[in-house]
Amino acid sequence: MNNKACVIKWGGNILYMLLIFLFVADPTNTILGLKSVVFALLLLYNFVFLKADWTNLRFCLIPILAALISWVFAVIQGNNVDFDEFKAFLMSFSPLLLLLWSSHYDVVKLSVLPVTLTVIVVLVLFWICFFSPQFEGLLYIYMDMHDNTIMMSNRVFLGIKMFCMYPKATVAFLPVFGFVLYKALNEKKRRFIFILIIALFFHLFVISGTRSSMLLPILLACMILFIYGRNGRYMRYMIYPGVLMFCILFFVLLAVLLMESDEPSNMIKYAHLVSYKELFTENPEYLLFGQGPGTEFYTKGFRMMTMKTEWTYLELLRNYGLFCLPILYVIMLPLFKLLLLARQHESALAMASAYFIYLIIAGTNPLLLSSTGMLVVLSGYSYVDNLKANNKL
């Protein structure tokens, strides 16, 4: 690679890392307000200096076409569509335009620094709040004014009261967490740095106070440990029983948490499911054509009309009917591509595990259909493209 190519590569990497930082540190774009500017700069930079793969444009167009068709059916059915919400949905897929240059960037690797910086910032704020109730109050007011970019609450977890704090984009950290953990197991040179980053991540997951963010990363760690030790002659005798025992304990703990009938979030989510069942029973045509993007329905969980319940996949089904399948195809395709590459690359299996856990958490998280969610999708496609490129070398 000549000097000019190196300069172009580094210039693109810096812009991409800045965009990733904005996606994870300011997902609501209410604090810095720079996401659109940096995204436009990166697109322009790529158009000028890098060769685009136009075949990847279909991954951006498929969700948009599916949404437009569902909107037409909503109009035919006479359903009220909130145009701003519909426009926001279409815009959430705009980051997929970066797939035109997917092979030029290793998005997962580029995400390590910005995501780690975000984790450090949140942990510093957490400990300042822990020792200073006055600062906690001021920060809470500030975050409330900026769409709760960092969530703060006091929760009871297994009878223990906890002060919890986590950035909205926490679930999008999983691919980076899985990548760093795999590197820590397989690279001796920078193992200490990787272990330090893992410790920071685990600290953030623990103080998040949400069941999915606290438990599923631990399951991901067990899966990657299993992948690492499955071919070892003696390691399997230690790792197999340990992972099996931990998985049993994990699912027992998860069941206990899900059956806590007095947990407010559980009561709300179960009430949402009842409302979805009633909606589809009364309007079976929604299963085919959808109610339409940006439409509302009454849910017993909130006891009001709403557009979002955080049951992401059910929301897709309600809004788009069968037309949600092309949208899910674009989102889930990296998982299947990674699994196909797993025979040649063990790292692909580790990344597939991280992507799979992310998709589970995304089922009860509104960030899947957002710029932050698309960052994870970009990571999946980029990882696949870079592995294929390395095979050709």
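Note that this is a predicted model, so its numbers are computed, not measured.

## Brief notes about the overall build of the chain
Okay, so step 1: For the chain, the count of helices and strands is 16 helices and four strands.
Okay, so step 2: A total of 393 residues make up the chain; the buried ones form 50% of that total.
Okay, so step 3: For the chain, the share of sequence-separated contacts (at least 6 apart) that also reach a separation of at least 24 residues comes to 73%.
Okay, so step 4: Looking at the chain as shown, the accessible area adds up to about 19600 Å², and 70% of this sits on carbon and sulfur atoms.

## Brief notes about the packing of helix α5 (residues 107-131) against helix α6 (residues 133-145)
Okay, so step 1: Two numbers describe how α5 lies on α6: the axes approach to 5 Å, and their chain directions differ by 125°. Here α6 runs oblique to α5, going by the angle between their axes. Here α5 contributes Leu125, Ile128, Cys129 and Phe131 to the contact with α6, which in turn contributes Pro133, Phe135, Glu136 and Leu139.
Okay, so step 2: Along the lines of polarity and charge, the residues of the contact of α5 with α6 split into seven nonpolar, no polar and one charged.

## A word on helix α14 (residues 324-341)
Because each turn of an α-helix spans 3.6 residues, side chains separated by three or four positions in sequence point in the same direction.
Okay, so step 1: Here α14 contains 18 residues, and its C-alpha end-to-end distance of 26 Å stays within 8% of the 26 Å for a straight helix at 1.5 Å per residue.
Okay, so step 2: Within α14, the axis deviates most sharply at Met332, by approximately 45°, and proline Pro334 lies no more than four positions further along.
Okay, so step 3: By the burial criterion, the buried members of α14 are Cys324, Ile327, Leu328, Val330, Ile331, Leu333, Pro334, Leu335, Leu338 and Leu341.

## Topic: the side chain of Asn46
Okay, so step 1: Assignment of secondary structure puts Asn46 in helix α2 (residues 35-49).
Okay, so step 2: Aside from chain neighbours lying at most four places away, what touches Asn46 is Leu98, Trp101 and Tyr105.

## Remarks on the pattern of salt bridges
Okay, so step 1: The tally for this structure, following the rule as stated, stands at five salt bridges.
Okay, so step 2: Salt-bridge contacts for Lys168 lead to Asp147; the nearest nitrogen and oxygen are separated by 3.8 Å. Taken together, the residues span a long stretch of sequence, with Lys168 in the loop between β2 (160-167) and α7 (174-186) and Asp147 in the loop between α6 and β1 (150-157) at a distance of 21 residues.
Okay, so step 3: Here Asp147 falls in the partly exposed class, since its relative accessible area comes to 42%.

## What about the side chain of Asn79?
Okay, so step 1: Residue position: Asn79 is located in the loop between α3 (58-77) and α4 (83-92).
Okay, so step 2: In this structure Asn79 touches Ala74, Tyr286, Gln291 and Thr295, once residues within four positions along its chain are discounted.

## Here's the deal with helix α15 (residues 346-362)
Okay, so step 1: When the terminal C-alpha atoms of α15 are compared, their 25 Å separation across 17 residues agrees well with the 24 Å that a helix rising 1.5 Å per residue should span.
Okay, so step 2: Across the 17 residues that make up α15, a large majority, 14, are buried.

What counts and how
- Residues numbered from 1 in each chain as written.
- Predicted model: local features only at pLDDT ≥ 70, side-chain atom pairs only at ≥ 80, totals over all residues.
- Heavy atoms only, no water.
- Helix = DSSP H or I, 4+ residues; strand = E, 2+ residues; numbered from the N terminus.
- Buried < 20%, exposed > 50% of the residue type's maximum accessible area, 1.4 Å probe, protein only.
- Contact = heavy atoms within 4.5 Å.
- Areas by Shrake-Rupley, 256 points an atom, 1.4 Å probe, with all protein chains shown as cover.
- Axes fitted to C-alpha atoms, helices over the stretch in contact; angles between N-to-C directions.
- Parallel < 35°, antiparallel > 145°, perpendicular 65-115°, else oblique.
- Nonpolar A, V, L, I, M, F, W, Y, C, P; charged D, E, K, R; others polar.
- Expected span 1.5 Å × (residues − 1).
- Bend = angle between axes of the 7 residues up to and from the residue.
- Salt bridge = Lys/Arg side-chain N within 4 Å of Asp/Glu carboxyl O.

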